[in-house]
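Listed here are the chains, written in short residue letters.
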Amino acid sequence: MKSKSSFSLILLACTLALSIASKCLAQPIAPLPVVPSFEQQAYQQMETVGFIHFSINTFTGKEWGYGDESPSLFNPTALNAEQWVIAAKEGGLKELILTTKHHDGFCLWPSAYTEHSVKNSPYKNGKGDVVREFVDACHKHGVKVGFYLSPWDRNHAGYGKPAYIEYYKNQLTELLTLYGKVDEMWFDGANGGDGYYGGARESRTIDRETYYPWTSIFTLAKKLQPGILIFSDAGPDIRWVGNEHGYAGETFWSTIDKSKLVIGASDSDYLNVGDPHGNAWLIGQCDVSIRPGWFYHPEQDTMVKSPRQLVDLYYKSVGRNGVLLLNLPPDKRGLLHEADVASLKAFRSIIDSTFHTNLALGKVASITTDKTNYRYAAREVTDGKSTTSWYPPTDKQTEELVLDLGAEYAFDRIMLQEPIFLGQRINQFALYIKDGDTLWKEIASGTTIGYKRLLRIEQVKAQYIKIVFGAEDVKPALSEVGVYLSDDAEK
Ligand code: FUL
């Protein structure tokens, strides 16, 4: 009898302890219905990728060739794809996307389906294959490979008719079967208008909604290269951000409603912001050229974007939950111009030095400033790992998080990251520093965070930083906070 009652007492005590503990412990949060795939998460982590616009336009000085250019014009004298790749890699670009065929239809590889290619050019006496050289250099230096294959073809006689679709799919098959691993296909929305079209020299318009069988084109690409990510105005994996100036919206949701998107005809304002209630996760890719043009023009040698301008673009793309796609156009030699290489290198060194020392790394994060009562420690946001995350321990949607840097530091850059594998949740945040003993002074605020949000503020000095969240009818969650002092060259 005695032992039975003490057993009951122990049981009661355990139950009570468990119930108290479960009230103290944070309840796990379920991922939202729309989350990125594993491949999309890895892509987003690359942050900066590059474009290589090189073709017959490099030799004619045009941006859009008409399609009647003779292949004999294509004659780079010192082409060295390794020079492109090494410069890109030193500039921190993790992938390069080559224009294998631009709107003029000239192919940088000896396609079996057309005579309009390198095989009829003086380059290596018609034995050259720029796509091969590009891919080999990327693979050698550990840079990922992407191909741009223009859907619009101003050279092809069958453009606008069913015959061209077959040709396009044949070319896609060549590119995705002959060159080893390809990581991204870039489908341009620019389409239709006048052109050579096999000698017809006329204007051809296509119905953007029906001409290209995009579903079967994407299925073909994914079948030939499992794991490949596809870019277009409408995804299915990566989306255009609605401008070619390299910036995402101040508010930028990776989620978007796919039924509102049409390749080549989507609303650019919608693409630039996204939609918190969207039914698809499409990474925002911010394309921009390091020069005014996409192709090389000698008269633009003095107009190369400066390192500071590139840094500014980095904050407006990567710092707003996007990926920066920076174009580097080789010149007539087949080399990146010295000015472009120097600017890219200086840009990366500013970024590296600004984000080298995270003043918040390993510091105390909690929901109180009271050191004797650091409840609900939020170590996850200062552990340097984007795979761990913190969310409010209570049901309260708006929760405050306090960072104690351990001492007063000067800083002017703040990084916030959401655990996007749980979906994109935060739609409002504000940052404060402790001013005096009790007052909090606001230093920044914003809407979305996503994979990464970078904030540029006036330099301040503080030991305590408070972050206040709001979220789209769900609990907010945060994976990392970074606090930095920018490189002088950045200012
Ligand atoms: C656009 C094209 O028309 C430009 O020439 C360039 O290739 C850019 C990246 O995409 O739609």
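Note that this is a predicted model, so its numbers are computed, not measured.

About the thresholds
- Residues numbered from 1 in each chain as written.
- Predicted model: local features only at pLDDT ≥ 70, side-chain atom pairs only at ≥ 80, totals over all residues.
- Heavy atoms only, no water.
- Helix = DSSP H or I, 4+ residues; strand = E, 2+ residues; numbered from the N terminus.
- Buried < 20%, exposed > 50% of the residue type's maximum accessible area, 1.4 Å probe, protein only.
- Areas by Shrake-Rupley, 256 points an atom, 1.4 Å probe, with all protein chains shown as cover.
- Lys, Arg positive; Asp, Glu negative; His and termini not counted.
- Charge placed at Lys NZ, Arg CZ, Asp CG, Glu CD.
- Domains from an automatic or database assignment.
- Contact = heavy atoms within 4.5 Å.
- Buried area = accessible area lost by both parts, 1.4 Å probe.
- Salt bridge = Lys/Arg side-chain N within 4 Å of Asp/Glu carboxyl O.
- Polar contact = N/O pair within 3.5 Å; in protein donor to acceptor, adjacent residues only side chain to side chain.
- Near = heavy atom within 4 Å.
- Core = buried A, V, L, I, M, F, W, Y, C linked by side-chain atoms within 4.5 Å.
- Pairing = 2+ DSSP bridges.
- Arc of directions from axis to C-beta.
- Axes fitted to C-alpha atoms, helices over the stretch in contact; angles between N-to-C directions.
- Parallel < 35°, antiparallel > 145°, perpendicular 65-115°, else oblique.
- Left-handed = near helix turned anticlockwise from the far one by under 90°.
- Phe/Tyr/Trp six-rings, centres within 6.5 Å; stacked < 30°, edge-to-face > 60°.
- Lys NZ or Arg CZ within 6 Å of the ring centre and 35° of its normal.

A. Up close: the overall build of the protein chain. Of the regular secondary structure elements, the protein chain holds 10 helices and 18 strands. A principal-axis box enclosing the C-alpha atoms of the protein chain has dimensions of 100 × 55 × 40 Å. Looking at the 491 residues of the protein chain, the share that counts as buried comes to 56%. Carbon and sulfur atoms make up 54% of the accessible area of the protein chain, which totals about 20300 Å². Of the side-chain charges in the protein chain, 51 are positive and 59 negative, and the distance between the mean point of each set is 5 Å.

B. Quick look at the domain arrangement of the protein chain. Along its sequence, the protein chain is carved into domain 1 (38-354) and domain 2 (364-490). Distance between the C-alpha centres of domain 1 and domain 2: 36 Å. With 27 residues of domain 1 at the interface, the matching set in domain 2 holds 24 residues. Taken over both partners, the interface formed by domain 1 and domain 2 buries close to 2100 Å², and the fraction arising from carbon and sulfur atoms is 53%. The three residues of domain 1 that bury the most area against domain 2 are Trp-253, Tyr-315 and Thr-354, which together make up 28% of that side's buried surface. The interface formed by domain 1 and domain 2 holds three salt bridges in total. With its nearest N and O atoms 3.0 Å apart, the salt bridge here joins Arg-453 to Glu-250. Summed over the shared surface of domain 1 and domain 2, the result is 18 residue pairs in polar contact (both at pLDDT 80 or more).

C. Structural detail: the site of the ligand. All residues in the neighbourhood of the ligand are listed as Phe-51, His-53, Trp-64, His-102, His-103, Tyr-148, Trp-186, Asp-188, Ala-190, Glu-244, Asp-287 and Trp-294. His-53 places a polar side-chain atom, nitrogen or oxygen, 2.7 Å from an oxygen atom of the ligand. Between the ligand and Asp-188, the relevant distance is 2.7 Å, taken from an oxygen atom to a side-chain nitrogen or oxygen of the residue. Within the complex, the protein chains bury 93% of what would otherwise be the 290 Å² of accessible surface of the ligand.

D. How the structure looks around the side chain of Asn-155. Tracing the backbone shows Asn-155 in the loop between β3 (144-149) and α6 (162-177). For Asn-155, the side chain forms a polar contact with the main-chain oxygen of Gly-67, separated by 2.8 Å. Apart from the residues within four sequence positions on either side, Asn-155 is in contact with Gly-67, Asp-104, Gly-105, His-116, Tyr-196, Tyr-197 and Gly-198.

E. Structural context of the nonpolar core. Among the nonpolar cores identified, the biggest contains 102 residues, and Phe-74, Trp-84, Phe-134 and Phe-147 are the most heavily contacted of them. Sorting elements by how many residues they give to this core places α6 first, with seven residues. Residue assignment places this core across two domains, with domain 1 (38-354) and domain 2 (364-490) each supplying three or more. Ranked by size, the runner-up nonpolar core spans 30 residues in total, among them Ile-367, Phe-429, Leu-431 and Val-460.

F. Structural detail: the pairing of strand β17 (residues 453-471). Sheet topology note: the strand β14 (residues 400-417)/β17 ladder contains 12 bridges and is antiparallel. Each residue of the ladder has a partner; that of Arg-413, found in β17, is Arg-456. Bridge analysis of strand β15 (residues 426-435) against β17 gives seven bridges, and the strand direction is antiparallel. Pairing of Phe-429 across the sheet is with Phe-469, part of β17.

G. Fine view of the environment of His-141. Positionally, His-141 belongs in the loop between α5 (130-140) and β3. Sequence separation of His-141 and Val-273 is 132 residues, and the distance between their C-alpha atoms is 35 Å. If we skip the residues at most four places from it in the chain, His-141 touches Glu-82, Val-85, Ile-86 and Lys-89.

H. Up close: helix α4 (residues 81-90). Among all positions of α4, only Ala-81, Trp-84, Val-85, Ala-87 and Ala-88 are buried. Projected down its long axis, α4 carries its buried residues within an arc of 165°, all on one side. The secondary structure elements touched by the buried residues of α4 are β1 (48-52), β2 (95-101), α5 and α10 (338-354). Positive phi shows up at Gly-92, right after α4, with a value of about 85°.

I. Molecular detail of the packing of α6 against helix α7 (residues 214-224). Running from N to C, α6 and α7 point in directions that differ by 20°, and their axes come no closer than 10 Å. When the interaxial angle is binned, α6 and α7 end up roughly parallel. Considering only the axes of α6 and α7, their crossing is right-handed. Facing Tyr-168, Lys-169, Leu-172, Thr-173, Leu-176 and Thr-177 of α6, the residues of α7 in contact are Ser-216, Ile-217, Leu-220, Ala-221 and Leu-224.

J. Main features of the side chain of Glu-418. Along the chain, Glu-418 turns up in the loop between β14 and β15. No salt bridge is formed by the buried Glu-418; its nearest oppositely charged neighbour, Arg-425, is found at 5.7 Å. Among the polar contacts listed, one links the side chain of Glu-418 to the backbone nitrogen of Arg-425, at a separation of 2.7 Å. Those residues within four positions of Glu-418 in sequence are excluded, and the remaining contacts are Gly-423, Gln-424, Arg-425, Ile-426, Ile-449, Gly-450, Tyr-451, Ala-477, Leu-478 and Ser-479.

K. Molecular detail of helix α9 (residues 307-317). Taken together, the buried positions of α9 are Leu-310, Val-311, Leu-313, Tyr-314, Tyr-315 and Ser-317. Buried-residue contacts for α9 involve β1, β11 (283-289), β12 (322-327), α10, β14 and β17.

L. Inspection of the pattern of salt bridges at higher detail. Applying the stated criterion across every chain yields a total of 27 salt bridges. One salt bridge connects Lys-144 with Asp-183, and the closest N-O pair in it is separated by 4.0 Å. Here Lys-144, found in strand β3, pairs with Asp-183, found in the loop between α6 and β4 (184-186); they are 39 residues apart in sequence, far enough to count as distant. Accessibility expressed as a relative area gives 38% for Lys-144, which makes it partly exposed.

M. Region of interest: the packing of aromatic side chains. Within this structure, the stated rule accounts for 32 aromatic pairs. Here the aromatic rings of Tyr-211 and Tyr-212 are separated by 4.9 Å at their centres, their planes lie at 65°, and the arrangement is edge-to-face. Like Tyr-211, the residue Tyr-212 is buried in the burial classification. Chaining the aromatic ring pairs together yields one cluster made of Tyr-159, Tyr-164, Tyr-167, Tyr-168, Phe-187, Tyr-197, Tyr-211, Tyr-212, Trp-214 and Phe-218. In this structure, Lys-434 packs its charged tip against the face of Tyr-464, placed 5.1 Å from the ring centre.

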